[in-house]
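Observations on chain architecture
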Amino acid sequence: MAIFKVSYVIVGNANPGMILNQDHMPQKGDRVQLGTEYFEIIEVMELVPPRGEFHYIHVTCRPSGKKRKIR
């Protein structure tokens, strides 16, 4: 099973982004929730060739304008 180490960078927002382990490859156009905010993926790049089951991915996102309520 592949493990994707994904570095999320946000443009046009004060959100610092984050690094997550995922079991699937992010795709351009997908929406992702980081914290309480949603972002649209605008760019996906492989940083280095896979090492065993690990894939190192850089993702650039922009705000999608929606927030989730925190209870």
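For the structure, see preceding data.
Calculation criteria
The residue count restarts for each chain, going from 1 along the sequence in the order it is written. Restriction of local features to residues with pLDDT of at least 70 applies here, the model being predicted, together with a cutoff of 80 or more for giving and counting side-chain atom pairs; totals for whole chains, interfaces and linings are based on all residues. Calculation of side-chain values draws on the structure's entire complement of heavy atoms; hydrogens and water are dropped beforehand. The helix count covers DSSP runs of H or I at least four residues long, the strand count covers runs of E at least two residues long, and both are numbered beginning at the N terminus. For this analysis, residues touch if any pair of their heavy atoms sits within 4.5 Å. What qualifies as a polar contact is a pair of N or O atoms within 3.5 Å, subject to a donor-acceptor requirement within protein and to the restriction that residues adjacent in sequence count only when both atoms come from side chains. Any carboxyl oxygen of Asp or Glu within 4 Å of a side-chain nitrogen of Lys or Arg constitutes a salt bridge here. Note on terminology: a nonpolar core comprises buried Ala, Val, Leu, Ile, Met, Phe, Trp, Tyr and Cys residues joined through side-chain atoms within 4.5 Å. Here the term buried applies to any residue with accessible area under 20% of the maximum for its type, exposed to any over 50%, and partly exposed to those in between, with areas from a 1.4 Å probe on protein chains only.

1. Some words on the environment of Phe39
Take Phe39: it is sitting in strand E4 (residues 37-51). Setting aside residues no more than four positions away along its own chain, Phe39 makes contact with Ile10, Asn13, Asn15, Asp30, Arg31, Val32, Leu34, Cys61, Arg62, Pro63 and Ser64.

2. A look at the side chain of Thr60
By secondary structure assignment, the location of Thr60 is in strand E5 (residues 54-67). Engagement of the side chain of Thr60 in a polar contact is seen with the side chain of His58, the distance being 3.1 Å. Filtering out sequence-adjacent residues up to four positions away, Thr60 remains in contact with Val9, Val11, Glu40, Ile41, Ile42 and Glu43.

3. Examining the pattern of salt bridges
All chains considered together, the criterion is met by 1 salt bridge. Residue Arg62 is joined to Glu40 by a salt bridge in which the shortest nitrogen-to-oxygen separation is 3.3 Å. Note that Arg62 is positioned in strand E5 and Glu40 in strand E4, a separation of 22 residues in sequence.

4. Looking at the nonpolar core
One finds Phe4, Val6, Tyr8, Ile10, Val32, Leu34, Phe39, Ile41, Ile57, Val59 and Cys61 forming the largest nonpolar core, which totals 11 residues. Within the residue set of this core, elements represented by two or more residues are strand E1 (3-10), strand E3 (31-34), E4 and E5.

5. Details of the environment of Gly35
Checked against the element boundaries, Gly35 lands in the loop between E3 and E4. Taking the C-alpha atoms as reference, Gly35 lies 9.4 Å from Met18; in sequence the two are 17 residues apart.

6. Some points on the side chain of Gln22
In this fold, Gln22 is placed in strand E2 (residues 18-22). Looking at Gln22, its side chain comes within polar contact range of the main-chain oxygen of His24, at 3.4 Å.

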